[in-house]
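Report on the structure
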Amino acid sequence: MIESYGNEVSIAAQNTEETCVISGNLQTVEEILETAGKKGIRVKKLKVSHGFHSPLMEPILNDFQVIASEITYQLPTIRFVSALYTEEMNDKKLIDASYWTSHIRNKVNFYKSIKNMKHGDEYFYLEIGSNRVLAALCTLIYGDERVIGASLNRNKEDQSQLAITIALLYTAGVNINWNKVQFSGSFPWKKVLLPTYPFDRISYWNKLLYDRKIKDNIGGVKWHKLLGEKLETPFL
């Protein structure tokens with residue numbers, strides 16, 4: 001759909017198999033959105049400051065690389081999957097000034113980078129950030145096949161969201177260091193043993209024989225009028 005527009009618009013991000021973001025000349029983007037809408041394709045405008053990952057970034061690439069070259073880069077100390085290369089980084093692919101310059105212009109392929117993770121079915125997916133964005137994309141990609149959580153959610157209180165996420169990870173088998181978990185200045189925590197059997201939701205309360213709120217006597221029994229009343233007496 002965008003091929004006919006040449007260098008005016010690019011695919012900026014591939015978020016899921018069927019979800020992508022386009023970026024470029026505003027008028028051209030609006031034309032594409034209108035065409036897509038007529039074809040029944042769901043579209044949504046994103047609030048951004050610039051047309052990142054599009055031809056609009058090309059005028060600043062040289063200047064950006066000059067500034068980025070002033071930084072001393074190191075190899076990752078943890079496993080790192082690049083959304084630019086869509087694969088795990090190694091010694092042959094250093095994250096340097098050229099890498100970040102390419103990242104500004106080229107497509108961010110989140111979908112393929114997630115799918116290409118080695119042993120991805122053995123991981124829990126936890127987003128550390130100010131909102132549940134990438135976690136939502138992972139849910140669209142995997143559905144219920146993976147354990148997916150987020151540290152924060154703008155639609156929930158931070159403390160509540162953190163508690164939900166910690167509970168999610170714990171019930172999924174993650175060994176939580178409870179000595180490091182702190183809410184409202186309270187720690188450490190006391191573990192409580194819960195029943196290992198399912199609740200059958202069967203009530204075993206004794207049958208109510210009298211309720212003073214009911215006008216008619218229960219079971220035809222005439223109860224004393226003082227029964228169930230709150231009394232004050234100097235003898236108690």
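Here, residues in each chain are numbered from 1, in the same order as that chain's written sequence. Given that this is a predicted model, residues contribute local features only at a pLDDT of at least 70 and side-chain atom pairs are listed and counted only at 80 or more, while totals for whole chains, interfaces and linings are drawn from all residues. As a convention, hydrogens and water are excluded, and side-chain values are obtained from all of the structure's heavy atoms.

**Re the packing of aromatic side chains**
Any pair of Phe, Tyr and Trp rings, taking the six-membered ring for Trp, is counted once the centres come within 6.5 Å. Such a pair is stacked with planes under 30 degrees apart, edge-to-face with planes over 60 apart, and tilted for the rest. Counted under the stated rule, the structure contains 4 aromatic pairs. Look at Tyr 99 and Trp 100: their rings are 5.0 Å apart centre to centre, the planes differ by 85°, and that puts the pair in the edge-to-face class. With a centroid separation of 5.6 Å and an interplanar angle of 35°, the aromatic rings of Tyr 125 and Tyr 142 are classed as tilted. Within this pair, whereas Tyr 125 is found in strand S5 (residues 125-127), its partner Tyr 142 is found in helix H5 (residues 134-142), the two being separated by 17 residues in sequence. Remark: exposure states derive from per-residue accessible area (1.4 Å probe, protein chains only) relative to the maximum for the residue type, with buried under 20%, exposed over 50%, and partly exposed in between. Taking relative accessible area as the criterion, Tyr 142 reaches 7% and is therefore assigned buried. Among the aromatic residues, those joined into a cluster by ring pairs are Tyr 85, Tyr 99 and Trp 100. Working rule: Lys NZ or Arg CZ, within 6 Å of ring centre, within 35 degrees of ring normal, means a charge sits over the ring. Taking NZ or CZ as reference, Arg 146 lies 4.2 Å from the ring centre of Tyr 142, over its face. Segments assigned H or I by DSSP are reported as helices when at least four residues long, segments assigned E as strands when at least two residues long, and all are numbered from the N terminus.

**Details of the pairing of strand S1 (residues 9-16)**
Among the 8 residues in S1, 7 count as buried, and that is most of the element. Pairing geometry for S1 and strand S2 (residues 19-24), over 6 bridges, is antiparallel. Residue pairing across strands places Val 9 opposite Gly 24, the latter belonging to S2. By this definition, two strands are paired if DSSP reports at least two bridges between them. Turn length for the S1-S2 hairpin, with the two strands adjacent in sequence and antiparallel, is 2 residues.

**Regarding the side chain of Thr 86**
Here Thr 86 is to be found in the loop between strand S3 (81-82) and strand S4 (87-88). Accessibility expressed as a relative area gives 11% for Thr 86, which makes it buried.

**Details of helix H6 (residues 158-171)**
In a helix, the anticipated span is given by 1.5 Å times the number of residues less one. Compared with an ideal rise of 1.5 Å per residue, which puts 14 residues at 20 Å, H6 spans 20 Å between its outermost C-alpha atoms and is within 8% of the ideal. For H6, the complete set of buried residues consists of Gln 161, Thr 165, Ile 166 and Leu 169. Buried residues in H6, looked at end-on, bunch into an arc of 130°, giving them a common side. Looking at the residues trailing H6, positive phi occurs at Gly 173, about 110°. The reported arc concerns the directions from the helix axis to the C-beta atoms and nothing else.

**Quick word on the environment of Thr 86**
Sequence separation between Thr 86 and Ser 113 is 27 residues, and the spatial gap between their C-alpha atoms is 4.0 Å. Contact criterion: two residues are considered in contact whenever any of their non-hydrogen atoms come within 4.5 Å of each other. Apart from the residues within four sequence positions on either side, Thr 86 is in contact with Asn 109, Lys 112, Ser 113 and Asn 116.

**Observations concerning the layout of surface pockets**
Points on a 1 Å grid over protein atoms alone make up a cavity when a 1.4 Å probe fits among them but cannot get out, and a pocket when they form an open set with protein on both sides within 12 Å along at least five of seven lines; lining residues each have an atom within 4 Å of a point. Grid points are joined across faces, edges and corners, and a volume is the space filled by probe spheres set on the points. Estimated volume of the largest pocket: approximately 1800 Å³. Sorting the residues of the lining of the largest pocket by element identifies S1, S2, helix H1 (26-38) and H5 as the ones contributing at least two each. Residue classes follow a fixed rule: Ala, Val, Leu, Ile, Met, Phe, Trp, Tyr, Cys and Pro count as nonpolar, while Asp, Glu, Lys and Arg count as charged, and any other residue, Gly among them, counts as polar. Considered class by class, the residues forming the lining of the largest pocket number 26 nonpolar, 9 polar and 7 charged. In this model, the second largest pocket occupies a volume close to 660 Å³. What lines the second largest pocket is a set of 20 residues, and nearest its centre among them are Val 81, Ile 114, Met 117, Tyr 125 and Leu 126. Looking at the lining of the second largest pocket, the elements with two or more residues in it are helix H4 (110-115), S5, H5 and strand S6 (148-150). Taken together, the residues of the lining of the second largest pocket sort by class into 16 nonpolar, 2 polar and 2 charged.

**Overview of the confidence of the model for the chain**
Think of pLDDT as the predictor's per-residue confidence, scored from 0 to 100. Averaged over all residues, the pLDDT of the chain is 86; the fraction at 70 or higher stands at 86%. Mean pLDDT across the secondary structure elements of the chain bottoms out at S4, with 89, and peaks at helix H2 (residues 61-68), with 97.

**Comments concerning the environment of Val 174**
Along the chain, Val 174 turns up in the segment after H6. For the pair formed by Val 174 and Phe 124, sequence separation is 50 residues and the distance between their alpha carbons is 8.9 Å. For Val 174, the residues in contact, after removing those within four places along its chain, are Phe 124 and Leu 169.

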